[in-house]
Amino acid sequence: MESSQHRGASPETQKTVRINIYRGDAEGGEFVEYDVPLVEGMVVLDAVLYVQAHISPDLAVRWNCKAAHCGSCGGEVNGRPKLLCKTRVDDYEGEEIRVSPMRAFPLIKDLVTDVSWNYEVARSIPEFKPAEKAPFTMYEEDVERLYEPKRCIECFLCQDVCHVLRSHHKHPAFAGPRFFAKIQSLEMHPMDTGHRTEYLKEGRGGIGFCNITKCCTEVCPEHINITDNSIIPLKERVVGDYYDPAKWLMRKIRGRRNGE
Ligand code: SF4
Ligand code: SF4
Ligand code: FES
C-alpha cells in the first residue's frame, strides 16, 4: 500500500528516523510515513508518541508504564509482535520500520486493538478450587513452577503470534498460549483440586489445535517458556486423563457425580 508522508519539525542538523505507522480503523487504512528526530536509545513508542505530540494528535496508541511492565503497548514492528516500549529504534538501523496493530484482534483505531476477547477466555477457565483440608505441603519446585507463569504482564503478544488465532481465527474454540500458562499455574498448584482437562480437550481450551511451534515462547517479553513448561505438561495431562484407562474411569465417575 502506498504511504502518505509527514515530516516532524526538527533542526536541519538533527538526525531523523523514518517510521511508517498504520493509520486506520475497522473499515481499512494505510501506512503513513513520518520523519521523527532521532534520540540516542529511543524506543519505537518514543517515536510514535513524538508523532502524536508534534505531527498527528489524533494518532491512537495504547500505553501506560513505558517500562515493559503493564503490557498495554503491544503492537507489531515489521510484522513481528513486540512491546513498542521495549523495542529500540536502533535495532532496525538501515531497515524500514513499519509499526502496525496486533493482527489477531479487531482493530479499533490506528495501533489500538480490542483485546476484550482475552478477558472472556479468562472468565471461562474453571476456577481455582482449594482443598478443604489443611495442611498441605508446598515444595520449592512447586513454587518455581508456579512463579514462571505469574510473570505474565498480559500483553497478548503470544496470542497475536499464534497461527491458530492469527491465521485460522479459532477464537471461539481455542484459549491460546497466554491461558495455557494460566491453566498450568492453576493445575500445578498443590492446593488446587479443580479439573481442567475436559476444558482443554473438549471445551473452549482447544489445546489440540496447538502443534507446538514455539512461536509464543519466542515472542514473550517475560521469557516465559510457555511451550515446554505449560503446553507440553498440559497436553500430557490430557493424554493421561483421556487415554489411561484408570484415569478415564475416574473422569467418567467424576462427570456423573457432577451431573455431566
Ligand atoms: S506453540 Fe501452540 S500455542 Fe504456541 S504459538 Fe505455536 S500453536 Fe500457538
Ligand atoms: S505469556 Fe508472555 S507474551 Fe503471553 S501475554 Fe504473558 S507476558 Fe505476554
Ligand atoms: S507501556 Fe507498559 S508495557 Fe509498554
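Owing to the predicted nature of the structure, the values given are computational and were not obtained by experimental measurement.

One turn of an α-helix holds 3.6 residues; hence residues three or four places apart share an orientation. With 12 residues, helix H1 (residues 44-55) should cover 16 Å at 1.5 Å per step; its first-to-last C-alpha distance of 16 Å lies within 8% of that length. Within H1, the full set of buried residues consists of Val44, Leu45, Asp46, Ala47, Val48, Tyr50 and Val51. Looking at the packing, one finds that the buried side of H1 touches strand S2 (16-25), strand S3 (28-37), strand S4 (74-77) and strand S6 (97-100).

Moving on, we get to the site of ligand 2. For ligand 2, the set of nearby residues contains 15 residues, the closest of which are Cys152, Cys155, Cys158, Arg178 and Cys220. At the level of secondary structure, the elements contributing two or more residues to the shell around ligand 2 comprise helix H4 (157-161) and helix H6 (177-187). Of the residues in the shell around ligand 2, the class split is 12 nonpolar, no polar and three charged.

The subject of this paragraph is the site of ligand 1. In the vicinity of ligand 1 lie 13 residues, with Cys162, Pro177, Cys210, Thr213 and Cys216 positioned nearest. Elements represented by at least two residues in the shell around ligand 1 include exactly helix H8 (215-219) and helix H9 (226-243). Here the shell around ligand 1 is composed, by residue class, of nine nonpolar, three polar and one charged.

Turning next to the pairing of S2. Pairing analysis gives 10 bridges linking S2 to S3, with the strands arranged antiparallel. Residue pairing in the sheet places Asp25 in a bridge with Gly28 of S3. The loop that links S2 with its antiparallel partner S3 comprises two residues. Inspection of the sheet shows S2 paired to S6 by three bridges, in the parallel sense. Each bridged residue has a counterpart across the sheet, and for Asn20 the counterpart in S6 is Arg98.

Turning next to the nonpolar core. Counting residues in each nonpolar core, the largest one holds 53 residues, and the members touching the most others are Val44, Ala47, Val48, Leu84, Cys158 and Phe180. With six residues, H1 is the largest single contributor of residues to this core. A domain-level breakdown of this core finds at least three residues from each of domain 1 (4-113) and domain 2 (116-257). Those residues in contact with Val48 that sit more than four places away from it in its chain are Ile21, Val61, Leu84, Val99 and Leu111.

For the protein chain, the assigned domains read domain 1 (4-113) and domain 2 (116-257). Summarising the inter-unit geometry, the C-alpha centres of domain 1 and domain 2 are found 33 Å apart. At the interface, 12 residues of domain 1 touch 13 residues of domain 2. A class-by-class count of the residues in the side of domain 1 that touches domain 2 yields seven nonpolar, three polar and two charged.

With that settled, the discussion passes to the environment of Gly41. Among the secondary structure elements, Gly41 is positioned in the loop between S3 and H1. We classify Gly41 as exposed; it has 8 C-beta atoms within 10 Å. Remark: the alpha-carbon pair of Gly41 and Thr87, spanning 46 residues in sequence, is separated by 9.9 Å.

So, how was this worked out
- Residues numbered from 1 in each chain as written.
- Chains lettered and ligands numbered in written order.
- Predicted model: local features only at pLDDT ≥ 70, side-chain atom pairs only at ≥ 80, totals over all residues.
- Helix = DSSP H or I, 4+ residues; strand = E, 2+ residues; numbered from the N terminus.
- Expected span 1.5 Å × (residues − 1).
- Buried ≥ 20, exposed ≤ 12 C-beta atoms within 10 Å, placed from the backbone.
- Contact = placed C-beta atoms within 7 Å.
- Near = placed C-beta within 6 Å.
- Nonpolar A, V, L, I, M, F, W, Y, C, P; charged D, E, K, R; others polar.
- Pairing = 2+ DSSP bridges.
- Core = buried A, V, L, I, M, F, W, Y, C linked by C-beta atoms within 7 Å.
- Domains from an automatic or database assignment.

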